[in-house]
Structure formats: structure tokens, C-alpha cells
Amino acid sequence: MVVSFNTDVLNGLCSDDQLELLDAVDQLRLQGIDHYISLPQIIVCGDQSSGKSSVLEAISGVPFPVKSNLCTRFPTELILRRSPHTDVTVSIIPHKSLSKSEKNTLSAFHEKLDGFEGIPELIESAQVAMGISMQGKGFSKDLLRIEISGPHHPHLTIVDLPGLIHSATKQQSASDVQLVRDVVQTYMKQPRSIILAVVSAKNDFANQIVLKLARSTDPEGKRTMGVITKPDILVPGSGTEAMFVSLAENKEVEFNLGWHVLKNLDSETMDGSSLLHRRNEEEEAFFAEGVWSKLPPSILGVKKLRIKLSEVLLQQIATELPSLIKEIDGKLQDCSDLLDQLGEPRITVREQRLFIARIAEKFQHLMHEVDNGTYTNPFFEGAETKRGYEQRLRAVIQQLNRAFSSKMLQHGQARRIVAPKAEDSPGTVTRDKFIGEVQELIQRTRGRELPGQFNSSIVTDLFVKQSKPWKDIVVKHVESCWIAAKQCVTLAIDSFADGSTSTHLLQMVIVPALNNLKQEVDVKVNWLIDSQVLCHPVTYNEQYLEAVHRVQNQRRNESYKEIVESVFGEVTSDHYSNEYITESTIESLLEKLSQRTEPDDERRAASEAVDRMEAYYNVAIKRTVDDVAIEVIERTLMAALPQIFSPIVVLEMPEDLVSTIAGEPQEVQAERAGLENQIEVLIKGSNTCKRFADSRLAGQ
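Residues numbered from 1 in each chain as written. Predicted model: local features only at pLDDT ≥ 70, side-chain atom pairs only at ≥ 80, totals over all residues. Heavy atoms only, no water.

Asker: A description of the overall build of the chain should follow, citing residues and the corresponding values.
Answerer: Within the chain, the secondary structure is distributed over 22 helices and eleven strands. Each of the 700 residues in the chain was classed as buried or not, and the buried ones make up 47%. Within the chain, contacts between residues separated by at least 24 positions form 77% of all contacts whose residues are at least 6 apart in sequence. When the accessible surface of the chain is summed, it comes to about 35100 Å², and 51% of that surface belongs to carbon and sulfur atoms. (Helix = DSSP H or I, 4+ residues; strand = E, 2+ residues; numbered from the N terminus. Buried < 20%, exposed > 50% of the residue type's maximum accessible area, 1.4 Å probe, protein only. Contact = heavy atoms within 4.5 Å. Areas by Shrake-Rupley, 256 points an atom, 1.4 Å probe, with all protein chains shown as cover.)

Asker: Account for the packing of aromatic side chains, with residues named and values stated.
Answerer: According to the stated counting rule, one finds ten aromatic pairs in the structure shown. On the basis of an interplanar angle of 80° and a centroid distance of 5.5 Å, the ring pair of Phe 205 and Phe 244 is categorised as edge-to-face. Highlighted residues: Phe 205 in the loop between β7 (193–200) and α6 (209–217) and Phe 244 in helix α7 (residues 239–248), separated in sequence by 39 residues. On the basis of relative accessibility, which here comes to 8%, the residue Phe 205 falls in the buried class. Ring geometry for Phe 463 against Tyr 617: centres 6.3 Å apart, planes inclined by 65°, an arrangement best described as edge-to-face. Taken together, the residues Phe 463 in helix α14 (residues 457–466) and Tyr 617 in helix α19 (residues 601–637) connect sequence positions 154 residues apart. Summarising the burial analysis for this pair, Phe 463 and Tyr 617 share the class buried. One cation-aromatic arrangement involves Arg 346 over Phe 355; the distance from NZ or CZ to the ring centre is 4.0 Å. (Phe/Tyr/Trp six-rings, centres within 6.5 Å; stacked < 30°, edge-to-face > 60°. Lys NZ or Arg CZ within 6 Å of the ring centre and 35° of its normal.)

Asker: Account for the packing of α14 against α19, with residues named and values stated.
Answerer: Here α14 crosses α19 at 50°, and the two axes come no closer than 9 Å. Regarding the angle of α14 to α19, the classification is oblique. In this structure, the crossing between α14 and α19 has a hand that is right-handed. Listed contacts from α19 to Ile 458, Val 459, Leu 462, Phe 463 and Gln 466 of α14 are Ala 609, Arg 612, Met 613, Tyr 616, Tyr 617 and Ala 620. Residue composition of the contact of α14 with α19, grouped by class: nine nonpolar, one polar and one charged. (Axes fitted to C-alpha atoms, helices over the stretch in contact; angles between N-to-C directions. Parallel < 35°, antiparallel > 145°, perpendicular 65-115°, else oblique. Left-handed = near helix turned anticlockwise from the far one by under 90°. Nonpolar A, V, L, I, M, F, W, Y, C, P; charged D, E, K, R; others polar.)

Asker: So what about the environment of Asp 232? Which residues, and what values?
Answerer: You can see Asp 232 is positioned in the loop between β8 (224–229) and α7. In this structure Asp 232 comes out as partly exposed when scored by relative accessible area, which is 35%. For the pair Asp 232 and Lys 202, spaced 30 residues apart in the sequence, the C-alpha separation amounts to 9.4 Å. Setting aside residues no more than four positions away along its own chain, Asp 232 makes contact with Lys 263 and Phe 286.

Asker: I'd love a proper account of the nonpolar core, names of residues and values included.
Answerer: With 76 residues, the main nonpolar core has Ile 356 and Phe 645 as its most contacted residues. At the level of elements, α10 (349–372), α12 (393–411), α13 (431–444), α14, α15 (470–496), α16 (499–533), α19 and α21 (655–662) are the ones that each hand at least two residues to this core. In terms of residues, this core owes the most to one element, α19, which gives 14 residues. Every residue in contact with Phe 645, bar those within four places of it in the chain, is listed here: Ile 356, Ile 359, Ala 360, Phe 363, Ile 493, Leu 505, Val 509, Ile 510, Val 650 and Met 653. Among the nonpolar cores identified, the runner-up in size contains 39 residues, and Ile 43, Val 159, Ala 214 and Leu 295 belong to it. (Core = buried A, V, L, I, M, F, W, Y, C linked by side-chain atoms within 4.5 Å.)

Asker: Tell me about the confidence of the model for the chain, and name the residues and values.
Answerer: Summary statistics for the chain give a mean pLDDT of 80 and a share of 77% for residues scoring 70 or more. Predicted confidence in the chain is weakest over helix α1 (residues 16–30), with a mean pLDDT of 61, and strongest over strand β9 (residues 259–261), with 95. This stretch, residues 1–13, has a pLDDT under 50; its non-local contacts, to residues over four places away or in other chains, come to 40 contacts. Contacts for the low-pLDDT stretch residues 696–700, under 50 throughout, to residues beyond four places or in other chains number twelve contacts. (pLDDT = per-residue confidence, 0-100.)

Asker: Describe the side chain of Gln 391, listing the residues and the values that go with them.
Answerer: Of note, Gln 391 is situated in helix α11 (residues 386–391). Among the polar contacts made by the side chain of Gln 391, one reaches the main-chain carbonyl oxygen of Phe 379 at a distance of 3.0 Å. (Polar contact = N/O pair within 3.5 Å; in protein donor to acceptor, adjacent residues only side chain to side chain.)

Asker: Before we move on, could you go through the side chain of Gln 352 and cite the residues and values that matter?
Answerer: Tracing the sequence through the fold places Gln 352 in helix α10. With residues near it in sequence (within four places) discarded, Gln 352 still touches Arg 346, Ile 347, Val 658, Ser 659, Ala 662 and Gly 663.

Asker: Break down unusual backbone geometry for me, citing the residues and quoting the values.
Answerer: Positive phi outside glycine occurs at Lys 230, with the angle close to 60°. For Lys 230, the position within the fold is in the loop between β8 and α7. The phi torsion at Asn 250 lies on the positive side, around 65°, for a residue other than glycine. Here Asn 250 is to be found in the loop between α7 and β9.

Asker: I'd like a description of the environment of Ile 473, backed by residues and values.
Answerer: Along the chain, Ile 473 turns up in helix α15. The exposure class assigned to Ile 473 is buried, which follows from its relative accessible area of 8%. Placed 62 residues apart in sequence, Ile 473 and His 411 show a C-alpha to C-alpha distance of 8.6 Å. In contact with Ile 473, other than residues within four places in its own chain, are Phe 404, Lys 407, Met 408, His 411 and Gly 412.

Asker: Can you lay out the pairing of strand β1 (residues 41–46) for me, pointing to particular residues and giving the numbers?
Answerer: Most of β1 is tucked away, with six of its six residues classed as buried. Because side chains alternate across β1, one face comprises the buried residues Gln 41, Ile 43 and Cys 45, and the other comprises Ile 42, Val 44 and Gly 46, equally buried. By the bridge criterion, six bridges tie β1 to β7 in an arrangement that is parallel. Bridge pairing in β7 places Val 44 opposite Leu 196. (Pairing = 2+ DSSP bridges.)

Asker: Outline the pattern of salt bridges, supporting the account with residue identities and numerical values.
Answerer: Per the counting criterion, the structure on display carries 25 salt bridges. Its salt-bridge partner being Asp 371, residue Arg 394 comes within 2.6 Å of it at the nearest N-O pair. Within this pair, whereas Arg 394 is found in helix α12, its partner Asp 371 is found in helix α10, the two being separated by 23 residues in sequence. A residue is classified by how much of its surface remains accessible, and Arg 394, at 14% relative accessible area, is buried. (Salt bridge = Lys/Arg side-chain N within 4 Å of Asp/Glu carboxyl O.)

Asker: I'd like a rundown of the environment of His 260, residues and numbers included.
Answerer: Looking at the element boundaries, His 260 is found in strand β9. Residue His 260 is classed as buried on the basis of its relative accessible area of 0%. Between the C-alpha atoms of His 260 and Val 198, which are 62 residues apart in sequence, the distance is 9.5 Å. Beyond its immediate sequence surroundings of up to four residues, His 260 is in contact with Gly 226, Val 227, Ile 228, Ser 298, Ile 299, Leu 300, Gly 301, Lys 304, Leu 305 and Lys 308. Separated by 3.4 Å, the side chain of His 260 and the backbone oxygen of Ile 299 make a polar contact.

Asker: Can you explain the pairing of β7? Please cite residues and give values.
Answerer: Of all eight residues that make up β7, eight are buried, and the element is covered over most of its length. Side chains Ser 193, Ile 195, Ala 197 and Val 199 of β7 all project onto a buried face; the interleaved residues Ile 194, Leu 196, Val 198 and Ser 200 project onto the opposite face, where all are buried too. In this sheet, β8 lies alongside β7 in parallel orientation, the contact comprising six bridges. Looking across to β8, one finds that Val 199 is bridged to Ile 228. Note on the crossover from β7 through α6 to β8: the handedness is right-handed. (Right-handed = clockwise from strand over helix to strand, strands pointing away.)

Asker: Describe the packing of α10 against α21, listing the residues and the values that go with them.
Answerer: In the contact formed by α10 and α21, the axes pass within 9 Å of each other and the chain directions differ by 70°. Considering the angle they form, α10 stands roughly perpendicular to α21. Crossing hand, α10 versus α21: left-handed. Residues Val 349, Gln 352, Arg 353, Phe 355 and Ile 356 of α10 touch α21, and the partners they reach there are Glu 655, Val 658, Ser 659, Ile 661 and Ala 662. Its residues placed into classes, the contact of α10 with α21 shows six nonpolar, two polar and two charged.

Listed below in C-alpha cells is the structure:
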């Protein structure tokens, strides 16, 4: 059928004052926002073959297939919008339940027309693309979208839904029955949809499913309007005709929006010469006679219906405007939050490098705070938590250094030398036994020394053996500090970068840099330990000689005390055990004091060697503990942390590494583009809605 499109057909539906608002709503819908926000629209519902498509054609002036052997088998969304250019676009919007490949196939259906004559054929082609056939599936949830734009077209969306099926047949299965009902109810439940419940005069309205569903989704009938079709089928003067007249008067099934009666062209007798103006002429003639002429003209004919729909649609928008604004603003905030989570766009290498550099700048600043022990940055969580403690690296290092110092002092000696009378235990040796071992070692390493002297290398050998545990203790301590630093750095990177960027940064930049730093630290440790234990003892610390003299004086004092007590008996703090001192007693004391404290010169030399080794050990271990803390931990490890990932490091990165780290995956780029597009449309819709909120629209 060839139908000429009348650009004035829908002009009554919306005045110029509301076109901008409706355009914003239409744009929201075109961007898919109606999947999340219910937008004002007119939906045409009814039982199968109730004349819905004819109603849609009459309202819109756009031809649809209305042959008696065809029915609407999928939702058809007619979008009318104003544009400088006139064109028609037909596309398929796949249902969200389909697979990606199925969606891609259906989305590929996108056709443009220069006129309206080919619309029926395109609709049938779309039906084939959806896989609808007599042998295949009978209905589809996919949406056929017909977009018509032109300089004089109003902005409106009208949706024709598949006809509700009463029972399954050979051509329509039970699953088809349920599918159609689900689709219709989905649209009906949208709170901002105006329901046009189309009822055919061919059948008893009490048995038509559309009324039951309309009542269930809109119990008070606030947004439902009834439309009676095919009144010319009724026998004049019959009871059935009277019943439908009563229905049109809103007496049988009451809707707040009332009822309307249309007389469409007979699809059985229509031919290629049928035009829309002929339909209107026949309708006016029909309602001018019989019982229908007694009804108010405002509920008869498509012209009055357009006026009524204009009022209803605008009133619906006015009613829903406050909640629509709130819902759009909520969605806008959600989209903005999601976009913030994606961070700055990173399409070009320059954007990607800038993105990484900003992370590096934050990281470097934070590492300086960590090094200084100032924990005011929001990065730091509660110190009582495990994570909060790990973030405070300076505190962790301080604690590890203290534990390291304590362990060196307690377990740094290969064997702990104890008092002569003490019992041997694992890891200890009495002084007498140790001196005996040293005496034997002196004999085995004797050079050109005079009797009673010892080779200076003996002190070196003793010190090397006694300090053997140092390296293992130092290495483990440095390893613990490095692990703590790595954990703190990892937490810092995770706090500044998203999951993908953080993973790439850690794998490709941070961990390799930390591993290189660990190698530098290990080299420093080996050098430090070797300088302490592998070269001959060197010290100019006065504490060394003081320690030697102190040990010797202490040992001499202990020996003298034994001699005095052997002569005078036990000496206490308040009296001597012998009351009188004789000349012979004094002579005995002098004789014993003049004797050697050691039985022979070799043992005296061995004792002195042990004294000197212990004195040097005490000086060296304190020096080593400080050197490890300062030279290794502070100057090599901690000082390097802010530099392992700095803006300069980012500047020197090759482009392929920059893109690998910061380049956005295709899905993220698509998500960003979608969010930015949604935000742009939502902002426009929000601003437009708010401009109209206090306007006369709200008072209509």
C-alpha cells in the first residue's frame, strides 16, 4: 500500500514549548537510558488482531503492515524527531538476553530510506532477520526501531507491541503465548508509559486479555486509555453495540483517561490507491450517523484522539517531571562515579605517559613521607591494623633494626665464653677450656715470636671464627627490611592505580626496580661484612684498649682476691676472719703475689689473646650494627625507594612499555565512551527538565 505521509499528522501532540523537553527525552531513549529509567512514551497494546497497527498508523501517519493474515510479532518503536534533514532509518535493537554474536548479527540490520513507501517491506525484512517465520519462532523480544526525522516532525515515541494471544495453535506455541505476555507486561509496568489499551468490537471486551493486564499494572487506571476499534462490525441497534457504546462512555471499564473510538480502513478491502485522508473521511462519515453520533465528539475519531494524546502525554510529563529529574540526577551521579573510577582517558601515548607520571608523582611524595615517618596522608590506615602497620615502613624498619641489634648481641658469637666455674652448654664454652684451645692454636701457628708472645694473626683468626654468625643474621635482617619495603611500595601503588595499571606497574617497573635494589643491597652487605671479618682487625677506638685493660684488671683483681683469701681467709664487707696479721702472714702474701697468675707463659699469652679478641669483638659488633642500619638500610635501601618510580623514570620509559602499562583495553575505552555519552545526554536532559520544572508545563 502506498501512503503519503502528512507532516501535520502529529503536530497536535506537542506544542513548540515542549519540543526541546521531548527532544531531550527522546535523546535519552536513543542512548539506551530507557533500560534504566522509565521515560514518557505511548505504548499500543491489545489482543491479537485487535487493530493495534491500524491505530498506530492512524495516529502517526506512518504505514505499517495491516494485512489480515499478519500480526505484530515484535515490539516496534516509532521515533519521530525534528532534524534539518529528512530521512527514515530502520534498525533492530537486540534483546539483552542474546549472545554477543547474535547481538552483532541483529545490530548489523540498519537500513535507510528516502521515503515512507518501503517501510512495510523493510518491516518484513526485519522479521526475517529476527528469525521469525511460520516454520521457525513465532515472536521475538528484539525491538524494531523506526526513526523518522525531518524539519517539521514533532518529537514523540510510540511503541506497537505484539498482540496478546489467548491460546496456543499450530502456528503459535505455548512459549509464544508467554513470551508475548512478558513483553507486553514489561512495557506496561514502566511507570511513565501511557497505555493505549486497544479493544476490538469484534469480540466481547470482557474476554480480552489486554484489559486484565492493564488493570494489574495500572490498578487505578491513571495512565491507561481505552481505544475501541472496528465499531463498524457491530450490528446497529444490537445489544452488543449498546454494550460497546456504554464502554466508550467509561461506564463498563473505568479509566481515568477515558475511552476513545476509532473507525479504521478495512484491511481486507484496502488497495494501492488507499490514502490516509480517505481513512479520515470515511471515519468522519461513520461517526456522523447512528448511535455513535450521540456520543461526545471528543471521544470519536483520530483527530480528537491526537488532541487527547497531546494533553495526556504532556500531563504525564508534568506529573512525572520531579521524579524524572531525581532519577536522571541519580543516574548521572552513578555514571560520574563510574567514570571517576576509570580515571583520566588514556588513548594516546602522551595521555598514557601523563597518567603514569601523575601516579609516580604521588608515589614519590608518599615515599618521602614514609621515609620521614610522617603519617598524615589518607593512604595510612589505622596503625592497629596489619595493613596500617605495613604502610608505616619507617616504624617497621625501626622495629626490625632493634630486633637485629638485639639478635646480634645475643646470638652473634659462635660460642659464648662463660666463667671458669660455669657448666658447658650448647653454644657456650668455659674460659679455661677456650684458653686451652687458643694455647694449642698458638703452638700450631707460631712464627718468629719470642717465648711468651703470640702471633697477631691469632686475634684475627679467633675474631673471624667468633663472628661467623654475623653474616647470616645481617642477610636475614636486610631481607626482612627489603620485604617490608616491597610490601609498603605495593600497597602504595595499589592505592594510586586501578587494578590493571597497578598489576602492570608492579610487574614491569616496580618489582624489577626493587629486585635491582636488592642486588645493590646484597652487594653492600657482602662488602660490609667482608670488611669487618675478612681483613685484619683495625680500630682506633679508645674503647678497645679500655676494654682490654678493664678485662685484664678485672681478671687480675679476681686473682689477687683469691690469693688474699687463701692467706687471710674469706674477706667480708664488715670484718676479716683473722683478727691478727703476723709478719709471716705478710711474707706469705708477698710470695704468692710475686708468682705468675698463669702456670706458664704460653697460657698467659693465650689468655691475653682471648682478652684482646673479646675487646675487639665488642667494638666491632657495635660498629657493624650501626653500619648495617646506616649504610645498608638507610643509605642504600630507604633512600632509593622514592627514586625507583619517579616522573623522570616515566619520562624515560619506551612508548611500548607506556602503552602496555597505561593503555586502556578496548572494553574500557568502550565503557568510557559509553559513560561519557550517557553523561552528556543525562546532563542535557537534566538541565532541560529543570528548566521546565517551574514552567507552565507543570500547571497544565
